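Analysis of the macromolecular model
If you want the building blocks of each chain, they are given just below.
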Number of protein chains: 2
Amino acid sequence: MYPPSIEKLIHHFSKFPTIGPRTATRFAFYCLNAPEKEIKELMSALQEVRNSLSFCKICFRSIAKEKEFCSVCANRGRERDVICVVEKEADLLAIEKTNEYNGIYFILGGTISPLKKEDFKKIRAKELKERIENHKDHGLPKIKEVIIATNQNTEGEATANYVSRILTSLNIKHTRLGRGLPTGGELEYADEDTLTHSLKGRK
Amino acid sequence: MYPPSIEKLIHHFSKFPTIGPRTATRFAFYCLNAPEKEIKELMSALQEVRNSLSFCKICFRSIAKEKEFCSVCANRGRERDVICVVEKEADLLAIEKTNEYNGIYFILGGTISPLKKEDFKKIRAKELKERIENHKDHGLPKIKEVIIATNQNTEGEATANYVSRILTSLNIKHTRLGRGLPTGGELEYADEDTLTHSLKGRK
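Predicted, not measured: the structure shown is a model, and the values here were computed from it. (Residues numbered from 1 in each chain as written. Chains lettered and ligands numbered in written order. Predicted model: local features only at pLDDT ≥ 70, side-chain atom pairs only at ≥ 80, totals over all residues. Heavy atoms only, no water.)

Turning our attention to the relation of the copies chain A and chain B. For the pair chain A and chain B, the relating rotation is 180°, the translation along its axis is 0.1 Å, and the fit reaches an RMSD of 0.1 Å. Viewed as a symmetry operation, the transformation between the two copies matches a two-fold axis. For chain A, the residue whose C-alpha comes nearest the rotation axis is M43 of chain A, separated from it by 3.4 Å. Interface residue correspondence from chain A to chain B reaches 100%, placing this contact among same-surface, isologous pairings. (Least-squares fit on C-alpha atoms with pLDDT ≥ 70 in both. Contact = heavy atoms within 4.5 Å.)

For any two aromatic rings, the description comes down to two numbers: the centre-to-centre distance and the angle of the planes. All chains considered together, the criterion is met by 17 aromatic pairs over all chains. Between F13 of chain B and F16 of chain B, the ring centres sit 5.3 Å apart and the planes meet at 75°, which makes this aromatic pair edge-to-face. Pair check on accessibility: F13 of chain B and F16 of chain B agree, each one buried. An aromatic cluster of at least three residues, connected via ring pairs, comprises F13, F16, F27 and Y30 of chain A together with F13, F16, F27 and Y30 of chain B. Lying across the ring of F55 of chain A, R124 of chain A places its NZ or CZ 5.4 Å from the centre. (Phe/Tyr/Trp six-rings, centres within 6.5 Å; stacked < 30°, edge-to-face > 60°. Buried < 20%, exposed > 50% of the residue type's maximum accessible area, 1.4 Å probe, protein only. Lys NZ or Arg CZ within 6 Å of the ring centre and 35° of its normal.)

Interhelical geometry of helix α3 (residues 36–52) of chain A versus helix α3 (residues 36–52) of chain B gives an angle of 165° and a closest axis separation of 11 Å. Classified by the interaxial angle, the pair formed by α3 of chain A and α3 of chain B is roughly antiparallel. With respect to the hand of their crossing, α3 of chain A and α3 of chain B are arranged in left-handed fashion. Mapping the contact onto sequence places E36, I39, L42, M43, L46, Q47 and R50 of chain A in α3 of chain A and E36, I39, L42, M43, L46, Q47 and R50 of chain B in α3 of chain B. Of the residues assigned to the contact of α3 of chain A with α3 of chain B, the class counts are 8 nonpolar, 2 polar and 4 charged. (Axes fitted to C-alpha atoms, helices over the stretch in contact; angles between N-to-C directions. Helix = DSSP H or I, 4+ residues; strand = E, 2+ residues; numbered from the N terminus. Parallel < 35°, antiparallel > 145°, perpendicular 65-115°, else oblique. Left-handed = near helix turned anticlockwise from the far one by under 90°. Nonpolar A, V, L, I, M, F, W, Y, C, P; charged D, E, K, R; others polar.)

This part covers the packing of helix α6 (residues 125–133) of chain A against helix α7 (residues 154–169) of chain A. All names here are of chain A. At a minimum axis separation of 11 Å, α6 and α7 run at an interaxial angle of 30°. When the axis of α6 is compared with that of α7, the two are roughly parallel. When you trace α6 past α7, the crossing you get is right-handed. In this structure, α6 contributes A125, L128, K129 and I132 to the contact, and α7 contributes Y162, V163, I166 and L167. Class assignment for the residues of the contact of α6 with α7 results in 7 nonpolar, no polar and 1 charged.

Successive side chains on a regular strand alternate, one facing one side of the sheet and the next facing the other. Residue and element names in this part refer to chain B. Strand β3 (residues 82–86) sits mainly inside the fold: 5 of its 5 residues count as buried. Judged by which residues are buried, β3 turns out to be covered on both faces: V82, C84 and V86 on one side and I83 and V85 on the other are all buried. As paired elements, β3 and strand β5 (residues 145–148) share 4 bridges and run parallel to each other. Residue I83 lies in a different strand from β5, and its bridge partner there is V146. Between β3 and its parallel partner strand β4 (residues 104–107), the chain crosses via helix α5 (residues 89–98), and the hand of that crossover is right-handed. (Pairing = 2+ DSSP bridges. Right-handed = clockwise from strand over helix to strand, strands pointing away.)

The next subject is the sheet that holds strand β6 (residues 174–176) of chain A. Residues and elements named next belong to chain A. Strands sit in the order β4-β3-β5-β6 across an open sheet of 4 strands; the sheet is parallel. Where the open sheet ends on each side, the last strands, each with one partner, are β4 (104–107) and β6. The average angle at which neighbouring strand axes cross in this sheet is 25°, direction not considered. The strands touched by α6 within the sheet are β3 (82–86), β4 and β5 (145–148), with β4 carrying the most contacts at an inclination of about 150°.

On to the environment of I112 of chain A. All names here are of chain A. Counting through the fold element by element, I112 comes out in the loop between β4 and α6. On the accessibility criterion, I112 (7% relative accessible area) is buried. Remark: the alpha-carbon pair of I112 and A158, spanning 46 residues in sequence, is separated by 6.1 Å.

As assigned here, chain A comprises domain 1 (4–54) and domain 2 (70–176). Its C-alpha centre places domain 1 of chain A at a distance of 31 Å from the equivalent point of domain 2 of chain A. (Domains from an automatic or database assignment.)

Residues and elements named next belong to chain A. Averaged over all residues, the pLDDT of chain A equals 89, while 99% of them reach at least 70. Summarising per-element confidence for chain A, the mean pLDDT is lowest in helix α8 (residues 192–200) (80) and highest in β4 (96). Scored as a whole, the predicted complex attains pTM 0.80, and scored at its interfaces, ipTM 0.81. (pLDDT = per-residue confidence, 0-100.)

Given below as structure tokens:
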């Protein structure tokens with residue numbers, strides 16, 4: 001057994017996403033051994049993130065605490081009747097980079113694992129429902145479409161199905177991102193599922 | 001781009017062992033979203049590890065700050081003329097669990113990558129050299145043997161070779177851990193290198 005304070009730190013690092021006890025142990029010893037300056041800066045960065053940031057009231061993107069809405073939601077030029085539901089902020093940034101989407105967003109803040117049913121508490125399902133029900137309260141127009149833009153993996157699929165059920169119950173038109181061969185993708189190396197979707201979605 | 005405070009936190013998490021920018025980003029958002037209590041406890045655990053712990057003056061194992069030596073080095077019943085050199089504290093604990101070793105230890109605090117030559121600054125090579133040169137100053141007997149117990153992988157090998165060169169220059173007898181099939185290991189699935197070592201080390 002390690003000293004109790006190390007064990008405590010391992011326990012907290014084990015709660016980080018994708019981190020098991022072994023990596024958490026490496027993190028704890030890294031923090032014990034790192035130069036004083038490094039750890040001071042890490043702690044002040046942690047403090048700053050907690051103190052200076054808040055979430056956009058519409059899409060839950062991280063924004064400066066003094067603001068109410070993010071740059072996308074505050075932009076009057078965006079179509080406010082189309083909502084793109086993404087897992088995390090990185091996905092929002094990826095879609096923004098395409099310059100192809102002019103609607104607004106909703107960040108779920110996670111995914112649902114098909115095996116852990118309690119995971120649905122970890123995503124903003126309740127908030128999404130409220131958001132759609134109270135869409136007009138924000139001075140926004142009637143929702144025309146919700147695009148479910150979760151990842152094309154098991155968790156993303158499970159999450160999309162869960163979100164889809166919510167939207168169906170609210171009678172909201174919703175779509176999924178198109179599936180097929182990625183740009184630069186070669187037929188020879190594509191899996192059957194991708195090819196099947198690619199064939200079905202042919203133009 | 002994320003808000004500057006998030007970017008700063010990502011930068012610090014990227015320095016954690018085995019962590020790249022993608023996982024560091026997940027960590028930063030986890031820290032932004034986690035309940036206040038969780039982050040407060042993480043920060044106080046971090047602080048406690050830094051404030052309450054120190055290193056054993058002989059083997060560099062983590063110990064309470066008010067102590068000078070760890071339980072192994074302080075134990076007069078241990079053979080103080082045999083030193084086992086390990087990469088990290090977890091390896092020391094693994095060897096202690098066997099109840100087969102009665103010597104003392106030296107924790108390197110890392111490994112050398114064969115590709116990054118500057119890595120040798122990250123392990124306690126200088127401290128190991130000093131430790132062996134000043135072994136008697138600690139009231140310890142002449143060193144009979146140093147066992148190099150690094151991992152059997154590329155980094156472990158490179159580290160062992162580096163340590164071996166130091167020990168040779170100091171004219172100290174040193175050995176490596178025996179290699180072969182692990183308990184429960186099946187011949188059919190063993191790689192050639194393991195089998196070769198297993199054959200050479202047959203009894």
